[in-house]
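# Structural description and commentary
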Amino acid sequence: MVLKIDNSAISEWNGYKGRPFLISGPCSAETEEQVMETARQLSGLNMISIFRAGIWKPRTRPNTFEGVGVSGLKWLRNVKKEYGMMVATEVANEKHVYEALKYGVDMLWIGARTSVNPFTVQEIADALKGVDVMVLVKNPINPDIELWIGALERISKAGINRLGAIHRGFSTYEKTTYRNQPNWQLPIELRRRIPNLPIICDPSHIAGAREYLHEISQKAMDLNFDGLMIESHIDPDKALSDASQQLTPNDLRELLSRLILRNASPSDPRLLDVLGELRQQIDVFDDHLIDLLEQRMKVSETIGRYKKENNITILQSARWDEIVKRVMIKGNAKGLSADLIDSMFKAIHQESINRQMKIMNNGIENHSNDPQQ
Ligand code: PEP
Ligand code: MN
């Protein structure tokens, strides 16, 4: 079902300078000097529409830097005055909303740890009734699109009509390359469900490390996202939060200059051409398959070490029979041909055996690189 919300096009938002709509600034406001100098350098890029800085920081553990609080709002007001950039910060309760509005903050975002909680989102929505401010809702930390849409609906119903979503990836139990899994199919589905909702990608919180920022930003552009929120700090390594994922304003300029902006279909600039979008989806699923295979092989290797230590043979025919039977039944129920399941699992099984053979024949194993140890 497609949801129609009353929303204005992002091209009409304050400070819009064209696609991608860029939001940048430090993860956290730390000192007046750090805020003002970052803003000075970012405004010098002439590309950034909104200056961001976290004033209240949701941190996983206590006794870490939890933001400077209200005093930082004065610095944001100075950024606006001095450099003419719109300013944005995260709000996580109604008090934050009132304080931020008091200091003229132009854009509020609801963080991933807040958008999971309908009570808190409703509290924020109630505080926003009758207020004209830009609001972005980050995806909840768990990959639940209904929860994300629910949060967006609550804010929309409060009368906010410059509303957008931020895709910042999803938390997983397994250790993965990125800090948060992108699960690109979720923002794609969000676009399908609410076509007139701008979607901004936050490569910083997906990546968790500088080296992946460009590839994620490029992917977001290829998927026709409207904008990017990228964290930038004058001295990233010394940042009090998210040090490894922030970029200097200069490195941000360099990253942006390498982005290739492909045109969406000329008749409707909001939509990717259908074939392009479907191909992107295929790439997303293929990436998933590769990641899953990598994880499966790691478990096979752990089993290989266990077999070796306990003097068990590699090939356990009964177990292999059990696997084949199980996947055949599952595959059949999902409409996958027996041929596909048969050849795919034979190849996977062979790869597992090869790896376990290598472990068996490898004399004393060096376990130092083993994540399980
Ligand atoms: C942030 O933007 O700095 C932040 C805390 O993000 P998230 O809610 O995505 O973790
Ligand atoms: Mn951050």
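Residues numbered from 1 in each chain as written. Chains lettered and ligands numbered in written order. Predicted model: local features only at pLDDT ≥ 70, side-chain atom pairs only at ≥ 80, totals over all residues. Heavy atoms only, no water.

Formed by 73 residues in total, the largest nonpolar core has its most connected members in Phe51, Leu128, Ile155, Leu163, Leu190 and Leu228. Tallying contributions element by element places helix α5 (residues 145-157) first for this core, with six residues. (Core = buried A, V, L, I, M, F, W, Y, C linked by side-chain atoms within 4.5 Å. Buried < 20%, exposed > 50% of the residue type's maximum accessible area, 1.4 Å probe, protein only. Helix = DSSP H or I, 4+ residues; strand = E, 2+ residues; numbered from the N terminus.)

With that settled, consider the coordination of the manganese ion (ligand 2). Protein coordination of the manganese ion (ligand 2) is provided by Cys27 (SG), His205 (NE2), Glu231 (OE) and Asp242 (OD), with donor distances spanning 2.1 to 2.4 Å. Read in sequence order, the donor residues for the manganese ion (ligand 2) give the motif C-x177-H-x25-E-x10-D. One end of the pair, histidine 205, is in helix α7 (residues 203-207); the other, glutamate 231, is in strand β8 (residues 227-231), and 26 residues separate them in sequence. Accessibility classification places histidine 205 together with glutamate 231 in one group, the buried group. (Donors = N, O, S within 2.8 Å, 3.2 Å for Na, K, Ca; no water.)

To continue, consider the pairing of strand β1 (residues 21-25). Taking burial as the measure, the five residues of β1 include five buried ones, the bulk of the element. Of the two faces of β1, the one lined by Phe21, Ile23 and Gly25 and the one lined by Leu22 and Ser24 are each fully buried. As paired strands, β1 and β8 are joined by five bridges and run parallel to one another. Following the sheet pairing, serine 24 is matched in β8 by isoleucine 230. Pairing between β1 and strand β2 (residues 50-52): two bridges, direction parallel. (Pairing = 2+ DSSP bridges.)

What follows is about the confidence of the model for the protein. Looking at the protein, the pLDDT average stands at 92 and 93% of residues meet or exceed 70. Throughout residues 364-373 the model reports pLDDT below 50, and contacts reaching past four residues in sequence, or to other chains, amount to seven contacts. (pLDDT = per-residue confidence, 0-100. Contact = heavy atoms within 4.5 Å.)

As for its position among the elements, serine 217 is in helix α8 (residues 213-222). With a relative accessible area of 0%, serine 217 lands in the buried category.

Taken together, the residues surrounding ligand 1 are Cys27, Arg52, Lys57, Glu90, Trp109, Gly111, Ala112, Arg113, Lys138, Arg168, His205 and Glu231. Contacts to ligand 1 include lysine 57, whose side-chain N or O atom sits 2.9 Å from an oxygen atom. Look at ligand 1: alone it shows 290 Å² of surface, and the protein chains cover 97% of it. Considering only residue class, the shell around ligand 1 consists of three nonpolar, two polar and seven charged. (Near = heavy atom within 4 Å. Polar contact = N/O pair within 3.5 Å; in protein donor to acceptor, adjacent residues only side chain to side chain. Areas by Shrake-Rupley, 256 points an atom, 1.4 Å probe, with all protein chains shown as cover. Nonpolar A, V, L, I, M, F, W, Y, C, P; charged D, E, K, R; others polar.)

With that settled, the discussion passes to the pattern of salt bridges. Should the charged atoms of two oppositely charged side chains come close, the side chains can pair. Tallied over the full model, the rule gives 21 salt bridges. Its salt-bridge partner being glutamate 37, residue arginine 40 comes within 2.9 Å of it at the nearest N-O pair. Placement of the pair is arginine 40 and glutamate 37 together in helix α1 (residues 32-43), with a separation of three residues, close to one helical turn. Overall, the relative accessible area of 25% leaves glutamate 37 in the partly exposed class. Residues lysine 346 and aspartate 342 are paired through a salt bridge, measuring 3.1 Å at the closest nitrogen-oxygen approach. (Salt bridge = Lys/Arg side-chain N within 4 Å of Asp/Glu carboxyl O.)

Once that is clear, we can look at the packing of aromatic side chains. Throughout the structure, instances matching the rule amount to five aromatic pairs. Ring geometry for tyrosine 16 versus phenylalanine 21: centroids 5.9 Å apart, planes at 15°, classification stacked. Assessed through its relative accessible area of 27%, tyrosine 16 is described here as partly exposed. Phenylalanine 21 gets classed as buried once you look at its relative accessible area, which sits at 0%. In this structure an aromatic cluster arises from ring pairing among Trp13, Tyr16 and Phe21. (Phe/Tyr/Trp six-rings, centres within 6.5 Å; stacked < 30°, edge-to-face > 60°.)

With that out of the way, let us pick up the side chain of arginine 52. Within the element layout of this structure, arginine 52 appears in strand β2. A residue is classified by how much of its surface remains accessible, and arginine 52, at 0% relative accessible area, is buried. At 2.8 Å, the side chain of arginine 52 forms a polar contact with the backbone oxygen of cysteine 27. In this structure the side chain of arginine 52 is engaged in a polar contact, spanning 3.4 Å, whose partner is the side chain of glutamate 231. Here arginine 52 is in contact with Ile23, Ser24, Gly25, Pro26, Cys27, Lys57, Ala88, Trp109, His205, Met229 and Glu231, once residues within four sequence places are set aside.

Looking now at the environment of leucine 101. One can find leucine 101 in helix α3 (residues 94-102). A residue is classified by how much of its surface remains accessible, and leucine 101, at 26% relative accessible area, is partly exposed. Between the alpha carbons of leucine 101 and valine 131 there is a distance of 8.9 Å; along the sequence they are 30 residues apart. Excluding residues that lie within four positions of it along the chain, leucine 101 makes contacts with Leu108, Val131 and Val133.

Before going further, it helps to spend a moment on the pairing of strand β6 (residues 163-167). Of all the five residues making up β6, five are buried; the element is thus mostly covered by neighbouring parts of the structure. Looking at chain direction, strand β5 (residues 134-138) and β6 are connected through four bridges and run parallel. Looking at the pairing, valine 137 lines up with alanine 165 of β6. Between β5 and its parallel partner β6, the chain crosses via α5, and the hand of that crossover is right-handed. Two elements, β6 and strand β7 (residues 199-201), share three bridges in a ladder whose sense is parallel. Considered in β7, the bridge of alanine 165 is made with isoleucine 199. (Right-handed = clockwise from strand over helix to strand, strands pointing away.)

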